[in-house]
Amino acid sequence: MARTVLVLVGTKKGAFILESDGARRAWALRGPYCDTWPMNHVVGDPATGRIHAGGGNEWFGPAVWQSDDLGASWRHSSRGLAYAEGETPVKTVWSLAPGPGGTLYAGVEPAGLFRSDDGGESFTHLDGLQQHPSRAEWNPGGAGLILHSLVLDPDDPDGVWVGISAAGVFHSADGGKTWSARNRGTRADYLPEGQNYPEHGQCVHCVVKAPGMRHRLYQQNHCGMYRSDDGGVSWASIEQGLPSSFGFPAAAHPRDPNTLFLVPLNGDTAGRFMPDAKAAVWRTRDGGANWTALRAGLPQQNAYFNVLRQAMATDTLEPAGVYFGTGSGELYVSPDEGETWSRVAEHLPAISSVETLVVEA
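Residues numbered from 1 in each chain as written. Predicted model: local features only at pLDDT ≥ 70, side-chain atom pairs only at ≥ 80, totals over all residues. Heavy atoms only, no water.

J.: Is there a simple way to explain the overall build of the protein in this structure?
T.: Regarding its fold elements, the protein presents 0 helices and 28 strands. The globule rule puts the C-alpha radius of gyration for 361 residues at 21 Å, and the 19 Å found for the protein is close to it. When the backbone C-alpha atoms are referred to their principal axes, the protein occupies close to 50 × 50 × 35 Å. Taken as a whole, the protein presents about 14,200 Å² of accessible surface, with 49% of it coming from carbon and sulfur. (Helix = DSSP H or I, 4+ residues; strand = E, 2+ residues; numbered from the N terminus. Rg over C-alpha atoms; globule rule 2.2 N^0.38 Å. Areas by Shrake-Rupley, 256 points an atom, 1.4 Å probe, with all protein chains shown as cover.)

See the structure below:
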């Protein structure tokens, strides 16, 4: 059976697609798509093969784009992507997550959650999140008040986790009607001493779910790296051994819940680039107890780029491929779980997101 691997790239000037076979050695680049709108997140639905792209800005407004032919043609819809009259307008779509039965969740700015039951053609506001008692105390992070991490529970169609900067992690067990804060154990170093473990208000950067363990999550925070084995009810630090407690993206292995990939940066006030300007992806094979720097093929001098929170992904092949895109428009690929790397695209617009879709034919 022939395999086609698609790397779906969201950038500040549209969506791009890189395509390869199962060997993942030679890549062809297509795009830009979506009329070069700013695209914050481009995802593929493995159940249908449909590609969704979310973005917009204060000029265009929010929209979700759809392609049913692997990017050859696109359409978009903004239907329903609006708050009630008198509320702050939705500026852009920040995150997407396909669910079962053609459902699609969309996280937006200012932070809120929408759901589509028709594959992205129209949306309904799940207003329970904005009705959380802490809502008035949410503050914008550097990129705004954004719902950027959107994790669906594969074992429970009503289970959803979200990450909001700077409000924290929240969980719903009823499909988005009601929510509970899940931030116990994560620090907020920017708060006064004695107040830096609040119930909410943390600047979470990225939340991903591990495969094969229903309640295991990983979180890269502004103030540390964490693992939860109880669905976010509590978090434990796993940053020991890393060069920095600061970074944005994390990517889970597709089959092993103990393997995780990270790109630490040198700190929030030190430039936010690769430590010592030497690029590396860090990998753990034991749930964060130990970390290894993977550098083969990555630039080891003058690497002053960053990697944003949604710009790292894995694929489902064996061995797993790992991918990340930079703020300077470069895309790096490893076909062997980070052991070796190659640059397969450069001079793209700033990369906001990287996801994969494996097509069997």
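J.: Would you mind showing me how to read unusual backbone geometry here?
T.: Glycine aside, negative phi is the norm for most residues, and most peptide bonds take the trans geometry. Residue Pro32 is reached from Gly31 by a cis peptide bond, and omega for that bond is 0 degrees. Looking at where Pro32 falls in the secondary structure, it is placed in strand 3 (residues 28-33). With an omega dihedral of -5 degrees, the bond running from Glu109 to Pro110 counts as a cis peptide bond. Topologically, Pro110 is positioned in the loop between strand 9 (104-109) and strand 10 (112-116). Although it is not a glycine, Glu337 sits at a positive phi angle of roughly 60 degrees.

J.: Please explain the environment of His41 as it appears in this structure.
T.: In this fold, His41 is placed in strand 4 (residues 39-44). Taking the C-alpha atoms as reference points, His41 and Ala311, 270 residues apart in sequence, are found 8.8 Å from one another. Apart from residues lying up to four places away in sequence, His41 is in contact with His52, Ala53, Gly54, Trp94, Ser95, Leu96, Gln310, Ser353 and Glu355. A polar atom in the side chain of His41 sits 2.8 Å from the side chain of Glu355. (Contact = heavy atoms within 4.5 Å. Polar contact = N/O pair within 3.5 Å; in protein donor to acceptor, adjacent residues only side chain to side chain.)

J.: What exactly am I supposed to notice about the sheet that holds strand 13 (residues 160-165) here?
T.: Each strand in a sheet pairs with another by means of backbone hydrogen bonds, the pair being arranged parallel or else antiparallel. Strand order in the open sheet formed by 4 strands is 12-13-14-15, and the pairing between neighbours is antiparallel. Pairing within the sheet leaves two strands with one partner each, and these edge strands are strand 12 (146-152) and strand 15 (180-181). Note that strand 14 (residues 168-172) and strand 15 share 2 bridges and pair antiparallel. In the strand pairing of strand 15, Phe170 is matched with Ala181. (Pairing = 2+ DSSP bridges.)

J.: What am I meant to see in the pairing of strand 26 (residues 331-334) here?
T.: Residues in a regular strand point their side chains to alternate faces of the sheet. The alternating pattern of strand 26 places Leu331 and Val333 on one face and Tyr332 and Ser334 on the opposite face, and all of these are buried. For strand 25 (residues 322-325) and strand 26, the ladder comprises 4 bridges, and the chain directions are antiparallel. Its bridge partner being in strand 26, Tyr323 is matched across the sheet by Val333. Following strand 25, the chain reverses through 5 residues before pairing antiparallel with strand 26; Gly329 in that reversal takes a positive phi of roughly 85 degrees. Relative to strand 27 (residues 342-345), strand 26 runs antiparallel, the two sharing 3 bridges. The partner of Tyr332 across the bridge, within strand 27, is Arg343. (Buried < 20%, exposed > 50% of the residue type's maximum accessible area, 1.4 Å probe, protein only.)

J.: How do you make sense of the packing of aromatic side chains when you look at a structure like this?
T.: Aromatic ring pairs: the centre-centre distance and the angle between the two ring planes describe each pair. Overall, the coordinates contain 11 aromatic pairs when judged by the stated rule. Ring geometry for Trp27 versus Tyr323: centroids 6.0 Å apart, planes at 85 degrees, classification edge-to-face. Remark: Tyr323 occurs in strand 25 and Trp27 occurs in the loop between strand 2 (14-21) and strand 3; sequence separation between them is 296 residues. Residues Trp27 and Tyr323 agree in their burial class; the two are buried. Note on Trp37 and Trp65: the rings are 5.4 Å apart at their centroids and 80 degrees apart in plane angle, and the pair reads as edge-to-face. (Phe/Tyr/Trp six-rings, centres within 6.5 Å; stacked < 30°, edge-to-face > 60°.)

J.: Mind showing me how you'd approach the side chain of Asn57 here?
T.: The residue Asn57 is located in strand 5 (residues 51-57) in this model. A relative accessible area of 15% places Asn57 in the buried class. Not counting residues up to four positions away in its chain, the partners in contact with Asn57 are Pro38, Lys91 and Thr92.

J.: Hey, could you run me through the environment of Val42 in this one?
T.: Here Val42 lies in strand 4. Among the residues examined, Val42 registers a relative accessible area of 1% and is labelled buried. Between the C-alpha atom of Val42 and that of Glu339, which follows or precedes it by 297 residues, the distance is 26 Å.

J.: Explain the sheet that holds strand 18 (residues 224-228) here, please?
T.: Strand order in the open sheet formed by 4 strands is 16-17-18-19, with antiparallel pairing between adjacent strands. Taken across any chain shown, the strands that pair with only one partner, and hence form the sheet edges, are strand 16 (204-209) and strand 19 (236-237). Here strand 16 runs beside strand 17 (residues 217-221); their pairing, made up of 5 bridges, is antiparallel. Bridge pairing in strand 17 links Val204 to Asn221.

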